[in-house]
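# Architecture and fold: a report
So the chains spell out like this:
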Amino acid sequence: KSQSQRWLRRRGIHAPQVIIANNHNHKKVLALALGIQASVEDNLDNAVGFAEAGAKSFLVNWGYNQGLPAIKLHRVEHVSAAVLEMVTMANERMEK
């Protein structure tokens, strides 16, 4: 968890919330329970779990996470692209 938080801080995310779970099914359950609306992942299975829970699931594009999941994921080249999209989503919700 702390390694992921440090990695995110180095990329400009100042207060990252990192969820550690054993597998994508656990992340799916947590996402549903917590009402998570968006996630950033580098693990294909975990990204699918969040998407199955209804979250907008961003997958940072790396060689090791290629695959063709049946569910729609939002591939991004950098975490910053996902963060920018999530900020836009939050602003849109606030305007409603």
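Along each chain, numbering runs from 1 in the same order as the chain's sequence is written. Two thresholds apply to this predicted model, a pLDDT of at least 70 for residue-level local features and 80 or more for giving and counting side-chain atom pairs, whereas whole-chain, interface and lining totals are computed over all residues. Hydrogens and water are ignored here; the side-chain numbers use all heavy atoms of the structure.

### Comments concerning the overall build of the protein
- Of the regular secondary structure elements, the protein holds four helices and three strands.
- The globule rule used here is 2.2 Å times the number of residues to the 0.38 power, and the radius of gyration it is set against is calculated over C-alpha atoms. For 96 residues, the compact-globule estimate of 2.2 N^0.38 gives 12 Å, and the C-alpha radius of gyration of the protein, at 13 Å, lies within 12% of that figure.
- In terms of its C-alpha atoms, the protein occupies a principal-axis envelope of roughly 35 × 30 × 20 Å.
- Buried residues are those whose accessible area, probed at 1.4 Å on protein chains only, stays under 20% of the maximum for their type, while exposed residues exceed 50% and partly exposed ones sit between those limits. Buried positions account for 29% of the 96 residues belonging to the protein.
- Here the open area of atoms and residues is found with the Shrake-Rupley method and a 1.4 Å probe, where only the protein chains shown may cover a residue. About 6,400 Å² of surface is accessible on the protein, with carbon and sulfur atoms providing 53% of the total.
- By the counting rule applied here, Lys and Arg register as positive and Asp and Glu as negative, while His and the ends of each chain are not counted. By convention, charge coordinates are those of NZ in Lys, CZ in Arg, CG in Asp, or CD in Glu. One way to put it: in the protein the 12 positive side-chain charges average out to a point 6 Å from where the 8 negative ones average out. Only DSSP runs of H or I covering at least 4 residues are called helices, and only runs of E covering at least 2 are called strands; the numbering of each starts at the N terminus.

### Digging into helix 4 (residues 79–95)
- With 17 residues, helix 4 should reach 24 Å at 1.5 Å per residue; the first-to-last C-alpha distance of 25 Å fits that figure.
- When we look at burial in helix 4, the residues that qualify are Val79, Ala82 and Met89. One side of helix 4 carries all its buried residues, which in axial view fall inside an arc of 85°. Opposite the buried face of helix 4, at more than 90 degrees from it, the exposed residues are Leu84, Met94 and Glu95.
- As for helix 4, its buried residues are in contact with helix 1 (2–10), strand 1 (38–41), strand 2 (56–60) and strand 3 (74–76). Helix span, expected: 1.5 Å multiplied by one less than the number of residues in the helix. What the arc measures is the spread of directions leading from the helix axis to the C-beta atoms. Residues count as neighbours in contact if any of their non-hydrogen atoms are within 4.5 Å of one another.

### A short note on the nonpolar core
- Among buried residues, those of type Ala, Val, Leu, Ile, Met, Phe, Trp, Tyr and Cys that are joined through side-chain atoms within 4.5 Å constitute a nonpolar core. If you look at the biggest cluster of nonpolar residues, it comprises eight residues: Leu8, Ile13, Val18, Phe58, Val60, Val76, Val79 and Ala82.
- At the level of secondary structure, the elements contributing two or more residues to this core comprise strand 2 and helix 4.
- Dropping the residues within four chain positions of it, Leu8 is found in contact with Ile13, Pro16, Val18 and Val79.
- Of all hydrophobic cores here, the second largest spans six residues; its members include Leu44, Val48, Ala51 and Leu73.

### Considerations on the pairing of strand 2
- Burial within strand 2 is extensive, with four of its five residues counted as buried.
- We call two strands paired when DSSP finds no fewer than two bridges between them. When strand 1 meets strand 2, the two strands line up parallel, connected through four bridges. Bridged to Val40 within strand 2 is Phe58.
- Whether a crossover is right-handed comes down to one check: with the strands pointing away from the viewer, does the path from the first strand over the helix to the second run clockwise; if it does, it is right-handed. Handedness of the crossover joining strand 1 and strand 2 through helix 3 (residues 44–52): right-handed.
- Where strand 2 meets strand 3, three bridges bridge the pair, whose relative direction is parallel. If you follow Val60 over to strand 3, its bridge partner there is Val76.

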